[in-house]
Amino acid sequence: MTTRGHIQHEVRKTLECLDRMPELKGNPFLYTRVEARLRELAAHEKETVGHRVVAVLKPALLFILVVVNIITVARNLLNSTDSTSPRSTLVQTIVQEYSLGPDPRTQFFTTENK
Amino acid sequence: MLQKLTQRESVEERELGERLAAGDREAFRLLVDRYQAKVINTCYGFLGTKEDAEDTAQEVFVQIFRSIGKFRGESMLSTWIYRIAVTRSLDAVRAKNRMKRMDHLKQLLGLSEIMNEPKAPDNLAPDIQLEEKERVDLLLRSIETLPENQRVAITLAKLEGLSYAEVADVMETTLASVESLLFRARKNLEKVLSKYFERRSVDHPRPGTPHEEHRRDMA
């Protein structure tokens with residue numbers, strides 16, 4: 001047989017294997033492996049959901065804290081400078097009611113004695 | 001070899017699909033037992049080793065379980081299973097090729113030792129015919145060189161024994177397209193194998209051939 005003929009013979013014989021490919025048998029442990037993998041994936045997903053919740057909650061809580069602080073500081077600042085605030089008005093009312101303010105007569109006496 | 005399903009088998013398949021969709025674990029076990037050989041053999045046709053085929057088959061059944069809700073019953077359950085097996089096998093092939101390219105790059109950069117890849121059995125004496133096993137290995141390696149769609153068609157039709165119509169269903173294409181793919185796949189395999197045997201005949205010339213005489217003279 002010539003080399004060319006030999007090559008063609010080998011190619012044909014090899015292609016004939018397509019019709020006689022060995023069949024692998026199933027694995028009796030495959031189902032167990034599949035079940036184990038499903039459990040692993042389920043556990044991993046739970047963990048991932050937990051991490052995601054924490055990842056979202058953390059910055060959200062931080063944001064809320066900062067906003068509350070800002071509001072508190074702003075309100076304190078406003079209350080200390082605003083004379084018409086309810087607190088200021090209450091203080092003034094009490095001073096007037098009980099004459100707690102500086103009395104001109106006592107002022108006269110205190111200055112006379114000096 | 002997959003035989004054409006009888007009417008009774010089609011009904012059984014449909015019932016199995018319904019039980020699976022309802023979350024019946026026992027039905028899933030039955031599905032794995034019934035189809036694992038087919039799935040493993042399909043994966044083997046793409047991946048070439050039993051270990052890789054079983055690893056990929058495991059992923060196929062995991063995907064089947066997790067996505068059974070998406071199975072609408074528009075195709076046969078077996079067709080749907082084959083589609084998942086083919087998709088997963090191709091993904092595994094691409095991942096393997098990526099690893100090979102990374103390894104090759106690492107070798108070029110001196111980042112890893114040279115890995116010796118298993119070679120074709122070309123250390124056999126030239127007058128000894130290839131054993132059947134070596135032919136099968138050679139054939140599987142040659143199929144790896146085919147374009148993806150030709151590879152899928154030939155694996156399903158020849159290695160899994162599906163009819164052309166079933167292959168067309170799995171590949172979601174026409175019968176004519178499958179016939180064309182198989183024709184081109186065979187031609188390409190002939191080319192690849194011819195080149196391989198030509199190279200072998202130069203490296204290991206047969207007695208009495210011009211190549212062999214030339215080598216004897218040079219020695």
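You'll find the structure just up there.
Student: Give a description of the packing of aromatic side chains that names residues and reports values.
Tutor: One pass over the full model with this rule turns up four aromatic pairs over all chains. Arranged with centres 5.1 Å apart and planes meeting at 75°, the rings of Tyr196 of chain B and Phe197 of chain B form a pair that is edge-to-face. By the burial criterion, Tyr196 of chain B is buried, and Phe197 of chain B matches it. By way of ring pairs, the aromatic residues Tyr31 of chain A together with Phe28 and Phe65 of chain B are connected into one cluster.

Student: Mind laying out the environment of Ser177 of chain B, listing which residues take part and the relevant values?
Tutor: Residue and element names in this part refer to chain B. Note on placement: Ser177 falls in helix 8 (residues 175-203). According to the relative accessible area criterion, Ser177 is partly exposed, its value standing at 26%. The spatial distance from the C-alpha of Ser177 to the C-alpha of Ala153 is 9.7 Å, given a sequence separation of 24 residues.

Student: Lay out helix 5 (residues 132-144) of chain B with the relevant residues and their values.
Tutor: With 13 residues, helix 5 of chain B extends 19 Å from end C-alpha to end C-alpha; this agrees with the ideal 18 Å at 1.5 Å per step. For helix 5 of chain B, the set of buried residues is Arg135, Val136, Leu138, Leu139, Leu140, Ser142 and Ile143 of chain B. At its buried positions, helix 5 of chain B is contacted by helix 1 (3-16) of chain A together with helix 2 (25-47), helix 6 (148-159) and helix 8 of chain B.

Student: Explain the interface of chain A and chain B to me, and be specific about the residues and the numbers.
Tutor: Residue-level contacts link 31 residues of chain A with 41 residues of chain B. Summed over both partners, the interface of chain A with chain B buries about 3600 Å², with 61% contributed by carbon and sulfur atoms. Contact with chain B buries area across many residues of chain A, yet Leu18, Leu24 and Tyr31 of chain A alone supply 20% of it, more than any other trio. For the pair chain A and chain B, the number of links is nine salt bridges. Note that Glu35 of chain A is salt-bridged to Arg25 of chain B, the shortest N-O span being 3.1 Å. When residues of the side of chain A that touches chain B are traced back to their parent elements, those giving at least two are helix 1 and helix 2 (30-81) of chain A.

Scoring rules and cut-offs
Residues numbered from 1 in each chain as written. Chains lettered and ligands numbered in written order. Predicted model: local features only at pLDDT ≥ 70, side-chain atom pairs only at ≥ 80, totals over all residues. Heavy atoms only, no water. Phe/Tyr/Trp six-rings, centres within 6.5 Å; stacked < 30°, edge-to-face > 60°. Buried < 20%, exposed > 50% of the residue type's maximum accessible area, 1.4 Å probe, protein only. Helix = DSSP H or I, 4+ residues; strand = E, 2+ residues; numbered from the N terminus. Expected span 1.5 Å × (residues − 1). Contact = heavy atoms within 4.5 Å. Buried area = accessible area lost by both parts, 1.4 Å probe. Salt bridge = Lys/Arg side-chain N within 4 Å of Asp/Glu carboxyl O.

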